[in-house]
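An overview of the molecular structure
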Amino acid sequence: MYQVSNIRIIDPRHDALHYAGVGAKTVLGCLVFAVSLAFVPSLQYVAEQVFAQTADRAVIAETAVTVEVLDTDAKRIKGLSGRSSIPQNHVLYFVFDEADYHGIWMKDMHFAIDIIWLNDYNEVITIRKNVSPETYPEVFYPAKPARFVLEAKAGFADRSNLKIGDVFVLP
């Protein structure tokens, strides 16, 4: 580009992007941004799957546990169905809208579990130990209305010395 006083003379060797005020870096940046937007739904799905399996830490009967929260109908219906196992001190924490005689069954289960029903204050009100998959279609119920249910690998209640009245403490 040559400049003579206030008159600009355009050098034809410059490209059109330069004259439009858009640099190659800007075009490349926009292209990278547009391509990355295409991956957002995939990343969101992966994040949902990871966070669905990750959990908080809690304590029951002085035993630290990893907690997987099941707070929707779909999650509660699925429960542990189809899984081959869970870690030793991992519990599923079923959250219901209100206290009731919430039944638990062993549909599509592949290993035995302990079922622990909790009241509105997260106090243990009923414990059912070593419930095997062969019990399906039997449904197990608490002795009193329960608001929450824990499912853990069979033997958890004995290893933790769990008893009626123990409190499940969430962070």
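Keep in mind that what you see is a predicted model, and the values were worked out from it rather than measured.

So, about the overall build of the chain. For the chain, the count of helices and strands is four helices and nine strands. Helices and strands appear in the chain in the N-to-C order β-β-α-α-β-β-α-β-β-β-β-α-β. Within the span of the chain, comprising 171 residues, buried residues form 32% of the whole. Within the chain, residue pairs in contact and separated by at least 24 positions form 67% of the contacts whose partners lie at least 6 positions apart.

With respect to the element layout, Ala 61 can be found in the loop between strand S3 (56–60) and strand S4 (63–70). Along the sequence, Ala 61 and Phe 168 sit 107 residues apart, while their C-alpha atoms lie 7.5 Å from each other.

Let's shift gears to the packing of aromatic side chains. Summed over the entire model, instances satisfying the criterion amount to three aromatic pairs. Measuring from centroid to centroid gives 5.2 Å for Tyr 93 and Phe 148, while their planes differ by 15°, and the two rings are stacked. You can see Tyr 93 sitting in strand S5 (residues 90–100) and its partner Phe 148 sitting in strand S8 (residues 146–153), a full 55 residues away along the chain. Across the pair, Phe 148 and Tyr 93 agree in class, each one buried. By the ring-pair criterion, three or more aromatic residues cluster together here, those being Tyr 93, Phe 148 and Phe 168.

Further remarks concern the sheet that holds S5. Spatial ordering of the open sheet is given by S7-S6-S8-S5-S4-S3-S9, a layout of seven strands whose pairing is mixed. Each having just a single partner strand, strand S7 (124–131) and strand S9 (168–169) make up the two edges of the open sheet. With five bridges joining them, S4 and S5 adopt parallel strand pairing. Within the sheet, the bridge partner assigned to Thr 66 lies in S5 and is His 90.

Among the surface-exposed residues, Tyr 101, Trp 105, Tyr 136, Val 139 and Tyr 141 lie close enough to one another that they form a single nonpolar patch of about 510 Å² accessible area. Position of Val 139 relative to the elements: it lies in the loop between S7 and S8.

Attention now moves to the pairing of S4. With five bridges connecting them, S3 and S4 associate as antiparallel partners. Considered in S4, the bridge of Ala 58 is made with Val 65. Here S3 folds back onto S4, and the loop between the two strands holds two residues, one of which, Ala 61, carries a positive phi near 50°.

Before going further, it helps to examine the pattern of salt bridges. Counted under the stated rule, the structure contains six salt bridges. For Lys 75, the salt bridge goes to Asp 71, with nearest N and O atoms at 3.6 Å. Notably, a salt bridge pairs Asp 158 with Lys 129, separated by 2.7 Å at the nearest N-O pair. Taken as a pair, Asp 158 in helix H4 (residues 156–159) and Lys 129 in strand S7 lie far apart in primary sequence, 29 residues in all.

Looking at the chain as a whole, its pLDDT mean stands at 82, while 68% of the residues score no less than 70. Per-residue pLDDT stays below 50 along residues 42–54; that stretch engages in four contacts with residues further than four places along the chain or on separate chains.

With that out of the way, let us pick up the environment of Asn 122. Along the chain, the position of Asn 122 falls in the loop between strand S6 (113–118) and S7. Residues Asn 122 and Val 149, spaced 27 residues apart in sequence, show a C-alpha to C-alpha distance of 9.1 Å. With residues up to four places along the chain from it excluded, the contact list for Asn 122 reads Tyr 93, Phe 148, Asp 166, Val 167, Phe 168 and Leu 170. Within polar-contact distance, the side chain of Asn 122 engages the side chain of Tyr 93 at 3.0 Å.

Rules used throughout
Residues numbered from 1 in each chain as written. Predicted model: local features only at pLDDT ≥ 70, side-chain atom pairs only at ≥ 80, totals over all residues. Heavy atoms only, no water. Helix = DSSP H or I, 4+ residues; strand = E, 2+ residues; numbered from the N terminus. Buried < 20%, exposed > 50% of the residue type's maximum accessible area, 1.4 Å probe, protein only. Contact = heavy atoms within 4.5 Å. Phe/Tyr/Trp six-rings, centres within 6.5 Å; stacked < 30°, edge-to-face > 60°. Pairing = 2+ DSSP bridges. Patch = residues over 30% accessible without salt bridge, like charges linked within 9 Å, V, L, I, M, F, W, Y side chains within 5 Å. Areas by Shrake-Rupley, 256 points an atom, 1.4 Å probe, with all protein chains shown as cover. Salt bridge = Lys/Arg side-chain N within 4 Å of Asp/Glu carboxyl O. pLDDT = per-residue confidence, 0-100. Polar contact = N/O pair within 3.5 Å; in protein donor to acceptor, adjacent residues only side chain to side chain.

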